[in-house]
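Chain residues, written in single-letter form:
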Amino acid sequence: MTRENILKSILSFFYAKLFSILIGDNEVVKISDFGTCREWNEISTKMSFAGTVAWMAPEVIKSEPCSEKVDIWSYGIVLWELLTCEIPYKDVDSSAIIWGVGSNQLQLPIPKTCPEGFALLLRQCWCQKPRNRPSFRIILTHLEIAGNELMKQNDAEYFKSQQKWRQEIQTHMIANSTNAQKFEQDLIKKRQEELRHIKDIRMVYERKLEKTNRLFLEVNMFLHQLAQREREVHEREKMLPGYKRKVVNPLRKAHDKISRKKCTNACATDAIYDHTVRFC
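Note that the coordinates shown come from a computational prediction; the quantities given were computed from them, not determined experimentally.

A. How the structure looks around the overall build of the protein. Helix and strand content of the protein: 8 helices and 2 strands. The helix and strand sequence of the protein, counted from the amino end, reads α-β-β-α-α-α-α-α-α-α. Relative to its 280 residues, the protein shows a buried fraction of 27%. Across the protein, every contact between residues at least 6 apart in sequence was considered, and the portion connecting residues at least 24 apart equals 59%. If you sum the accessible surface of the protein, you get close to 20500 Å²; carbon and sulfur atoms cover 57% of it.

B. View of the packing of helix α5 (residues 116–125) against helix α6 (residues 136–151). The interhelical angle for the contact between α5 and α6, taken along N-to-C directions, is 150°, at an axis separation of 8 Å. Between α5 and α6, the interaxial angle falls into the category roughly antiparallel. Seen from α5, the contacting residues are Glu-116, Gly-117, Phe-118, Leu-120, Leu-121, Gln-124 and Cys-125; seen from α6, they are Ile-139, His-142, Leu-143, Ala-146, Gly-147, Glu-149 and Leu-150. The residue makeup of the contact of α5 with α6, split by class, is 8 nonpolar, 4 polar and 2 charged.

C. Representation of the nonpolar core in the model. By size, the foremost hydrophobic cluster in this structure holds 39 residues, and its most contacted members are Leu-83, Tyr-89, Phe-118, Trp-126 and Ile-139. Elements with a contribution of two residues or more to this core: α2 (58–61), α3 (69–84), α4 (94–102), α5, α6 and α7 (155–239). With 10 residues, the single largest contributor to this core is α3. Those residues within four positions of Leu-83 in sequence are excluded, and the remaining contacts are Cys-114, Phe-118, Leu-122, Tyr-158, Gln-162 and Trp-165.

D. Representation of the packing of aromatic side chains. Applying the stated criterion across every chain, the model contains 3 aromatic pairs. Judged by centre distance (5.8 Å) and plane angle (65°), the ring pair of Tyr-158 and Phe-159 falls under edge-to-face. The class of Phe-159 is partly exposed, set by a relative accessible area of 36%. Taking the centre distance of 6.2 Å and the plane angle of 90° together, the rings of Tyr-158 and Trp-165 count as edge-to-face. Grouping residues by exposure puts Tyr-158 and Trp-165 together as buried. Put simply, the rings of Tyr-158, Phe-159 and Trp-165 pair up and form one aromatic cluster.

E. Broad picture of the pattern of salt bridges. If you walk through the whole model with that rule in mind, you get 5 salt bridges. Note that Glu-64 and Lys-62 form a salt bridge whose closest N and O atoms lie 3.8 Å from each other. In this structure Lys-62 comes out as partly exposed when scored by relative accessible area, which is 41%. In this structure, Glu-206 engages Arg-202 in a salt bridge whose closest nitrogen and oxygen atoms are separated by 3.2 Å. Here the residue Glu-206 and the residue Arg-202 both occupy positions in helix α7, the gap between them amounting to 4 residues, near one helical turn.

F. Summary view of the environment of Val-53. Mapped onto the elements of the fold, Val-53 is located in the loop between β2 (29–31) and α2. When its relative accessible area of 11% is taken as the criterion, Val-53 is described as buried. For the pair formed by Val-53 and Ile-98, sequence separation is 45 residues and the distance between their alpha carbons is 6.6 Å. What Val-53 contacts, discounting residues up to four positions off in sequence, is Ser-94, Ile-97 and Ile-98.

G. Region of the structure containing the packing of α3 against α6. α6 packs onto α3 with a crossing angle of 30° between their chain directions and a minimal axis gap of 11 Å. For the element pair α3 / α6, the angle class is roughly parallel. Judged by residue contacts, Asp-71, Ile-72 and Tyr-75 of α3 engage Phe-136, Ile-139 and Leu-143 from α6. Residues that form the contact of α3 with α6 fall into these classes: 5 nonpolar, no polar and 1 charged.

H. A look at the environment of Phe-118. By secondary structure assignment, the location of Phe-118 is in helix α5. C-alpha of Phe-118 to C-alpha of Trp-80: the two residues are 38 residues apart in sequence and 8.8 Å apart in space.

I. Quick peek at α3. With 16 residues, α3 extends 23 Å between its outermost C-alpha atoms, agreeing within 8% with the 22 Å of an ideal straight helix rising 1.5 Å per residue. Most of α3 is tucked away, with 15 of its 16 residues classed as buried. Looking one or two residues beyond α3, the residue adopting positive phi is Cys-85, at roughly 60°.

J. Quick look at the side chain of Lys-69. Summarising the element assignment, Lys-69 is placed in helix α3. Within the structure, Lys-69 has its side chain in polar contact with the backbone oxygen of Pro-130 (distance 3.5 Å). Beyond its immediate chain neighbours, meaning those up to four positions away, Lys-69 contacts Glu-59, Pro-130, Arg-131, Arg-133 and Pro-134.

Reading guide: rules and limits
Residues numbered from 1 in each chain as written. Predicted model: local features only at pLDDT ≥ 70, side-chain atom pairs only at ≥ 80, totals over all residues. Heavy atoms only, no water. Helix = DSSP H or I, 4+ residues; strand = E, 2+ residues; numbered from the N terminus. Buried < 20%, exposed > 50% of the residue type's maximum accessible area, 1.4 Å probe, protein only. Contact = heavy atoms within 4.5 Å. Areas by Shrake-Rupley, 256 points an atom, 1.4 Å probe, with all protein chains shown as cover. Axes fitted to C-alpha atoms, helices over the stretch in contact; angles between N-to-C directions. Parallel < 35°, antiparallel > 145°, perpendicular 65-115°, else oblique. Nonpolar A, V, L, I, M, F, W, Y, C, P; charged D, E, K, R; others polar. Core = buried A, V, L, I, M, F, W, Y, C linked by side-chain atoms within 4.5 Å. Phe/Tyr/Trp six-rings, centres within 6.5 Å; stacked < 30°, edge-to-face > 60°. Salt bridge = Lys/Arg side-chain N within 4 Å of Asp/Glu carboxyl O. Expected span 1.5 Å × (residues − 1). Polar contact = N/O pair within 3.5 Å; in protein donor to acceptor, adjacent residues only side chain to side chain.

Encoded structure:
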């Protein structure tokens, strides 16, 4: 595909990935594969996790509320494919892409010698905050300006630049892959340490629980022995001469207490009245 055809393709499609874009007669670009498309309205603000992860926006991966700006992110991936003729996240595992893109730790490298207009557009399409990504109307205006810079190169220069970009991208992805493996190992080590710490805490609490249960059983045993001893003492008291069991009526006791309280209040009132009369 020549530079002119690439530029026409860039200006012609608005969708997720390069495999879904078909070029027909007279270089007419058509979109296919609408299996995961959505009609945006006030209700459908979330998308199901379906599709190819390399073209997914972070908010789709994290199952966050989505808007048409997810297509802007995907468009940036396709634009990168057309400029570099490389496969995005080549030889990177899908789970690593999900983690890296979702946590803002992994992003496609923009070649250093990439035309500045396209480099700027790629960075705008890949903004982490969806509201900072441009609309397709702005993208079209931007491409019309940036396309002039691309057209200044002849085909030989452009394909030579593409070859350098691919080497640069491969070097970057290999370095990132090494860093990702190291990070994964560090993460596994950290999780293992956390698991050991959790096990240690669990053992401490299990020992405390065992000690508490043992103390509870001992206290229960002492209470049982004390109750038994009280019964024995009571039985011995019954055998003593002149033993008379004192029976207390709870209702009578409460009635006497209320009567005493009323009597106390009445005496206090009389005393206050006498004092007032003398003063007068």
